[in-house]
Amino acid sequence: MVLNDRGTVLSIGPTLLKLVPGLRSGLHGSLISGRAGQGAEAIDAIRNAVDRGIRLFLRVQHITDLVLRGHGVRLSDGNMLVNLGFGIGLTRAIRKAQLTDADFAPSDLAMELLFLQEANRGVLTELSRFNQQLSAAREVALLQAQTDPLTGLGNRRALEGALCIAMRQSTDKRSETPTPFALIHMDLDHFKQVNDRLGHKAGDDLLRDVGSVLQGLVRKDDTAARIGGDEFVLILRGMVCPVAIGHVAERLIGNIQELSPPQLTDLRVSASIGVVIWSHDRLETPERLLEMADAVLYESKRKGRGCATIG
């Protein structure tokens, strides 16, 4: 753009004219000063930048978020030649004025920069999508690694993690004291006979049915896991009353007895249960607590099976 000191536009490039059509009539109403200290009006800002040899900033009046930046020099006839660019507002200017490659000089790198920006955006979008897929796959793999495939309950790994959290991190919302819980270790009575007489499919079906019983029993914050064979463990948060625990155990034993295959006419599948109640003042490790629950379980076995013992 070429203009004189009064602000009369003598010549204007086609790209700037396409962006600011009103420049044919002059600076007023088309461009305003884009930075404090360069003058209140566009012509003041241009003269200031030209005479002081500093960068020029002009704002397109009808596009409030677009700032043009550049330099200006004095010509031999006293007029001013101003060369403006879009800077970081390139994308916005192209969108607002619907500019194309033909609106830029062959030596101008604006379109190349725009293509690079779009390419980067595309790459970042793909990377973001890939990371989301990877994160989802990682969550699925972690869930599968902690799930018993037969029953859908947690496995031993999941139980160990849940037990560590319950003993070290789980806190009551009303205090900083870890929430006590009941650790229930359960073993099926006469499960071996089911496998031996009816086959492993019947045994697997029974284990799946037991898993369904446990899933229907536990609450949101509880944990149910199959830790191997016909052994199951429950963590019941806040369950510390022996009477209430006894009722839960009776219900559990009764529900499992109903699953006993009718083909076994001379015996009935049931469950033996061992219970340990944990509170924050106990110093056992998770491993030791599981050992204690296992020992109490075998007390129930010695009592004749189909019963629960609280240690």
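Because the structure is predicted, anything quoted here is derived from the model rather than measured.

Rules used in this analysis
Residues numbered from 1 in each chain as written. Predicted model: local features only at pLDDT ≥ 70, side-chain atom pairs only at ≥ 80, totals over all residues. Heavy atoms only, no water. Helix = DSSP H or I, 4+ residues; strand = E, 2+ residues; numbered from the N terminus. Contact = heavy atoms within 4.5 Å. Areas by Shrake-Rupley, 256 points an atom, 1.4 Å probe, with all protein chains shown as cover. Buried < 20%, exposed > 50% of the residue type's maximum accessible area, 1.4 Å probe, protein only. Arc of directions from axis to C-beta. Axes fitted to C-alpha atoms, helices over the stretch in contact; angles between N-to-C directions. Parallel < 35°, antiparallel > 145°, perpendicular 65-115°, else oblique. Left-handed = near helix turned anticlockwise from the far one by under 90°. Nonpolar A, V, L, I, M, F, W, Y, C, P; charged D, E, K, R; others polar. Expected span 1.5 Å × (residues − 1). Core = buried A, V, L, I, M, F, W, Y, C linked by side-chain atoms within 4.5 Å. Pairing = 2+ DSSP bridges. pLDDT = per-residue confidence, 0-100.

### Description of the overall build of the chain
Secondary structure summary: the chain contains nine helices and eleven strands in total. Of the contacts formed within the chain by residues at least 6 apart in sequence, a portion of 56% connects residues at least 24 apart. Summed over its atoms, the accessible surface of the chain is roughly 17,400 Å², and 53% of this surface lies on carbon and sulfur atoms.

### Looking at helix α6 (residues 191–198)
Burial in α6 covers these residues: Phe191, Val194 and Asn195. Looking straight down α6, one finds its buried side chains confined to an arc of 95 degrees; they lie on one side. Projecting away from the buried face of α6 at angles above 90 degrees are the exposed residues Lys192 and Asp196. For α6, the secondary structure elements touched by its buried residues are β7 (181–189) and α7 (200–217). Positive phi shows up at glycine 199, right after α6, with a value of about 100 degrees.

### Quick look at unusual backbone geometry
Positive phi outside glycine occurs at histidine 190, with the angle close to 65 degrees. Turning to its location among the elements, histidine 190 is positioned in the loop between β7 and α6. The class of histidine 190 is partly exposed, set by a relative accessible area of 23%.

### Quick word on the packing of α7 against helix α8 (residues 242–257)
Taken N-terminus to C-terminus, the directions of α7 and α8 make an angle of 150 degrees; their axes are 10 Å apart at the nearest point. Here α7 lies roughly antiparallel to α8, going by the angle between them. As for how α7 packs across α8, the hand of that crossing is right-handed. Of α8, the residues touching α7 (which contributes Val210, Val213, Leu214, Gly216 and Leu217) are Val248, Arg251, Leu252, Asn255 and Ile256. Residue classes in the contact of α7 with α8 are distributed as seven nonpolar, two polar and one charged.

### Digging into helix α9 (residues 286–302)
Compared with the 24 Å implied by 1.5 Å per residue over 17 residues, the 25 Å span of α9 between its first and last C-alpha is a close match. Every buried residue of α9 is accounted for by Pro286, Leu289, Leu290, Met292, Ala293, Val296, Leu297, Ser300 and Lys301.

### Remarks on the packing of helix α5 (residues 156–168) against α9
The contact between α5 and α9 brings their axes to 10 Å, and the two run at 110 degrees. In terms of orientation, α5 lies roughly perpendicular with respect to α9. Across the interface between the two elements, Leu159, Leu163, Cys164, Met167 and Arg168 from α5 touch Pro286, Leu289 and Leu290 from α9. Tallied by class, residues from the contact of α5 with α9 come to seven nonpolar, no polar and one charged.

### Things to note about the nonpolar core
Counting residues in hydrophobic clusters, the biggest one holds 32 residues, and the most contacted among them are Met186, Leu188, Leu214 and Leu252. Of all the secondary-structure elements, those providing two or more residues to this core are β7, α6, α7, β9 (231–237), α8 and β10 (270–278). If near-sequence neighbours (up to four positions away) are discounted, leucine 214 is found in contact with Leu153, Met186, Ala224, Phe232, Leu234 and Leu252. Core analysis: the next-biggest nonpolar cluster, separate from the first, contains 28 residues, Val20, Leu27, Ile46 and Leu58 among them.

### Considering the pairing of β9
Where burial is concerned, most of β9 is hidden: six out of the seven residues are buried. As defined by bridge partners, β7 adjoins β9 across seven bridges and the pair is classed as antiparallel. Across the sheet, histidine 185 pairs through a bridge with valine 233, a residue of β9. For strand β8 (residues 223–228) and β9, the ladder comprises five bridges, and the chain directions are antiparallel. Opposite arginine 226, over in β9, you have phenylalanine 232 as the bridge partner.

### A word on the sheet that holds β7
Spatial strand order, β8-β9-β7-β10-β11: five strands in an open sheet with mixed pairing. Among the strands making up the open sheet, the edge pair consists of β8 and β11 (308–310). Going across the sheet, the axis of each strand differs from the next one's by a mean of 20 degrees, ignoring polarity. Strand direction decides the pairing type here: β10 and β11, joined by three bridges, are parallel. Bridge assignment links isoleucine 273 to a residue of β11, and that residue is alanine 308.

### What about the confidence of the model for the chain?
Of the residues in the chain, 87% have a pLDDT of 70 or more, and the chain-wide mean is 85. Across residues 170–175 the pLDDT falls below 50, and counting only partners more than four positions away or on other chains, this stretch makes ten contacts in the model.

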